[in-house]
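This is what each chain is made of:
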Amino acid sequence: MFEETPLNTRSTLDLQQADTRHFLHPFTDHAGLARKGARIIERAENIYLWDSEGQKILDAMSGLWCVNTGYGQQALVDAATRQMKELPFYNAFFQTATVPAIELAELLAEVTPPQFQHVFFTCSGSEGNDTIVRMVRRYWDVMGEPARKVIISRKNGYHGSTMAGASLGGMSGMHEQGGLPIPDIVHIEQPHWFELGREHSREAFGLIAAGWLEAKILEVGPERVAAFIGEPVQGAGGVIVPPSTYWPEIQRICDKYGILLVSDEVICGFGRTGNWFGCETFGTRPDLMTFAKGVTSGYVPLGGVMVGERVARALIEKGGEFTHGFTYSGHPVSCAVAIANIGLLRELDLVRRVREDVGPYLAQRFLEIEDHPLVGEVQTCGMMGAVQLVKDKTSGAGFASELEVGMVCRGHCFGNGLIMRAVGDRMIIAPPLVMTREQIDEMMQLIKRCLDLTLNDLRQRGWFK
Ligand SMILES: *Cc1c(COP(=O)(O)O)cnc(C)c1O
């Protein structure tokens, strides 16, 4: 779809120098980046990117877990263009609304599970989770139980980077900066079988890990617990697919104590796991769901919270004004693009394709690399996958973290035209849902090559026998 003449006319070096002088990147060590210079992405089509040096790259991360329908979708460009011409902006504060915001709300009620009939719009997943914190506490106030303030979350979960998002998240490196977590957010261990539970069967471990929620509820005092939040599959934490027993047991515990269940669907939503939402794949009935990323396939920013009827009824019927909102809540251009994107997911039948065709195919191809000497475990769920790199395949023992073996592997991926992310020594992918079987084959060939290159590299460094 892109023009023959690229927009950019500047040299890579010139851009890198300007980048170093002026641009503070997210989650980046700038001294380190300045030594290498940023890689500059110039254009994209389908599942491929091109950098400013003309190298073609297979984007196995969908940008940042978001370009579900792939790059270059003309329908999304047209939706944005038409809406920008007709009404580029109006707010939803003063008892007003715009057509795309209303129609997207209507459409979201249709594609989400039946308990969801209402939506609160934000511009990002982080703002969605901030909204969740305020909304669940407001809910319990309205219900006459103001002591219920504590939200239980999980270590190594990711819920965004605002004060509340980073507090809900369980990334210790984030808590160390900025005095987090904020009060009344507590964490339990994650359901990470390979790291925490290998002496048990996966199913038994799933129940043990869910049991940590009940233990925490009893420790805090059930009358003080407002909600539990988790990602169906932890994304940024390393594509950690929980045992099948985990989520149903979490649901049972939430029901037992009457606490709200929040599903952070920012990655798992909009087809990623082979259903419209991850909660459908894992069998929960959340009261609230955060979404962002895949709702617009990342073409423009949009996020929000699906509010289940239990909470919506209380807020609407008894709550009066909820003193919360953003200038861009229900931004008409974002909403118009989301409508077109959901239309495309339907038209291309992508959710079913992930569930019945490309998802199972990816799983089958991933199993083939489990034999590789460096690989301790592979996991997939829909169009997400993880490859755990280990020093000793039989014991499952990992490398010393200061060796940064994951980063060594990621270097080989970048060098070979593949974007695969490293979370510690866990290599992860989440490719666009439009990826074909042939493209999965192409990706697997690159992954295998990069694993072999990493193995040779580690042997030469004397880090692997
Ligand atoms: C990315 C992400 C967020 C944060 O979304 P932003 O749009 O970056 O603020 C929240 N939750 C999960 C599960 C995410 O992956």
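These figures come from a predicted structure and were not determined experimentally.

1. Focus: the packing of helix 4 (residues 74–86) against helix 14 (residues 332–347)
Okay, step 1: Following both chains from N to C, one finds helix 4 and helix 14 inclined at 150°, their axes separated by 8 Å at the closest point. By the criterion of interaxial angle, the relationship of helix 4 to helix 14 is roughly antiparallel. When you trace helix 4 past helix 14, the crossing you get is right-handed. Listed contacts from helix 14 to Ala-75, Leu-76, Ala-79, Ala-80, Gln-83 and Met-84 of helix 4 are Pro-332, Val-333, Ala-336, Val-337, Ala-340, Asn-341 and Leu-344.
Okay, step 2: Classifying every residue of the contact of helix 4 with helix 14 by side-chain character gives eleven nonpolar, two polar and no charged.

2. Topic: the sheet that holds strand 2 (residues 48–51)
Okay, step 1: The strand order 1-2-3-13 describes an open sheet built from four strands, whose pairing is mixed. The open sheet has two edge strands, strand 1 (41–45) and strand 13 (418–419), and neither has a second partner.
Okay, step 2: The pairing of strand 3 (residues 56–59) with strand 13 spans two bridges and is parallel. Opposite Leu-58, over in strand 13, you have Leu-418 as the bridge partner.
Okay, step 3: On the sheet, helix 17 (residues 437–460) packs against strand 2, strand 3 and strand 13 and is oriented at approximately 105° with respect to strand 3.

3. Quick look at the domain arrangement of the protein
Okay, step 1: For the protein, the assigned domains are domain 1 (40–69 + 351–461) and domain 2 (74–347).
Okay, step 2: Relative placement of domain 1 and domain 2: their C-alpha centres are 27 Å apart.
Okay, step 3: In total, domain 1 and domain 2 occlude about 2500 Å² of area from one another, counting both sides; carbon and sulfur atoms represent 61% of this.
Okay, step 4: Where domain 1 touches domain 2, the interface holds one salt bridge.
Okay, step 5: A salt bridge links Arg-202 to Glu-377, with the shortest nitrogen-to-oxygen separation between them at 3.1 Å.
Okay, step 6: Inspection of the region where domain 1 meets domain 2 yields 16 residue pairs in polar contact (both at pLDDT 80 or more).
Okay, step 7: Among the secondary structure elements, those contributing two or more residues to the side of domain 1 that touches domain 2 are helix 3 (62–65), helix 15 (350–368), strand 11 (375–380), strand 12 (385–389), strand 14 (421–423) and strand 15 (426–429).
Okay, step 8: With four residues, strand 11 is the largest single contributor of residues to the side of domain 1 that touches domain 2.
Okay, step 9: Residue composition of the side of domain 1 that touches domain 2, grouped by class: 17 nonpolar, eleven polar and four charged.

4. With respect to the sheet that holds strand 14
Okay, step 1: Spatial ordering of the open sheet is given by 11-12-15-14, a layout of four strands whose pairing is antiparallel. Lying at the two open borders of the sheet, with one neighbouring strand each, are strand 11 and strand 14. With direction set aside, neighbouring strand axes in the sheet form an average angle of 20°.
Okay, step 2: Direction of pairing for strand 12 relative to strand 15: antiparallel, over a ladder of four bridges. The residue bridging Gly-385 from the neighbouring strand is Ile-429, located in strand 15.

Reading guide: rules and limits
- Residues numbered from 1 in each chain as written.
- Predicted model: local features only at pLDDT ≥ 70, side-chain atom pairs only at ≥ 80, totals over all residues.
- Heavy atoms only, no water.
- Axes fitted to C-alpha atoms, helices over the stretch in contact; angles between N-to-C directions.
- Helix = DSSP H or I, 4+ residues; strand = E, 2+ residues; numbered from the N terminus.
- Parallel < 35°, antiparallel > 145°, perpendicular 65-115°, else oblique.
- Left-handed = near helix turned anticlockwise from the far one by under 90°.
- Contact = heavy atoms within 4.5 Å.
- Nonpolar A, V, L, I, M, F, W, Y, C, P; charged D, E, K, R; others polar.
- Pairing = 2+ DSSP bridges.
- Domains from an automatic or database assignment.
- Buried area = accessible area lost by both parts, 1.4 Å probe.
- Salt bridge = Lys/Arg side-chain N within 4 Å of Asp/Glu carboxyl O.
- Polar contact = N/O pair within 3.5 Å; in protein donor to acceptor, adjacent residues only side chain to side chain.

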